[in-house]
Amino acid sequence: MLYKIGLGAAAGLAVATLGIPVAVGMLGFKGAGIAAGSAAAKVMSAAAIANGGGAAAGGAVATLQSVGAAGLSVATKAAITAGGALLAAIPK
């Protein structure tokens, strides 16, 4: 049982530290800003149109850009790691 929890925690940590920032970057949310012509640019355009001309602070676009520029916070990584461990602990 502890072996499975450890594997789940390791998988959660791998997703948190590598998978999510890489996926967000592939969408076009880069450290230097949103890449022109990317899916991120289309999402930002749609958000700006919906909000009357600008992307809302704290909204999905701003959050994804933050992750693309700086990665995930330590607290978020810890939460994802714990979630992986909990999922692994669920009996089948």
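On a predicted model such as this, the values are computed, not experimentally measured, just so you know.

What counts, and at which threshold
Residues numbered from 1 in each chain as written. Predicted model: local features only at pLDDT ≥ 70, side-chain atom pairs only at ≥ 80, totals over all residues. Heavy atoms only, no water. Helix = DSSP H or I, 4+ residues; strand = E, 2+ residues; numbered from the N terminus. Rg over C-alpha atoms; globule rule 2.2 N^0.38 Å. Buried < 20%, exposed > 50% of the residue type's maximum accessible area, 1.4 Å probe, protein only. Contact = heavy atoms within 4.5 Å. Areas by Shrake-Rupley, 256 points an atom, 1.4 Å probe, with all protein chains shown as cover. pLDDT = per-residue confidence, 0-100.

S.K.: Would you mind going over the overall build of the protein with me for this structure?
M.R.: From N to C terminus, the protein includes four helices and two strands. Secondary structure elements in the protein, listed N-terminal to C-terminal, are α-β-β-α-α-α. At 16 Å, the protein has a C-alpha radius of gyration far larger than the 12 Å of a compact globule built from 92 residues. Considered along the principal axes of its C-alpha atoms, the protein spans approximately 50 × 20 × 20 Å. Counting all 92 residues of the protein, 21% fall into the buried class. Across the protein, every contact between residues at least 6 apart in sequence was considered, and the portion connecting residues at least 24 apart equals 64%. Approximately 5700 Å² of the protein is accessible, and the part contributed by carbon and sulfur atoms is 74%.

S.K.: Looking at this model, I keep getting lost on the confidence of the model for the protein. Mind explaining?
M.R.: A low pLDDT score tells you not to read the predicted coordinates there in detail. The predicted model of the protein averages 82 in pLDDT, with 98% of residues at 70 or higher. Per-element confidence in the protein is highest for helix α2 (residues 39-50), whose mean pLDDT is 91, and lowest for helix α4 (residues 74-89), whose mean pLDDT is 78.

S.K.: Mind showing me how you'd approach the side chain of Q65 here?
M.R.: Along the chain, the position of Q65 falls in helix α3 (residues 60-70). Of the residues examined, Q65 reaches a relative accessible area of 17% and is grouped as buried. Those residues in contact with Q65, other than ones at most four positions away along the chain, are F29, K30, G33 and I34.

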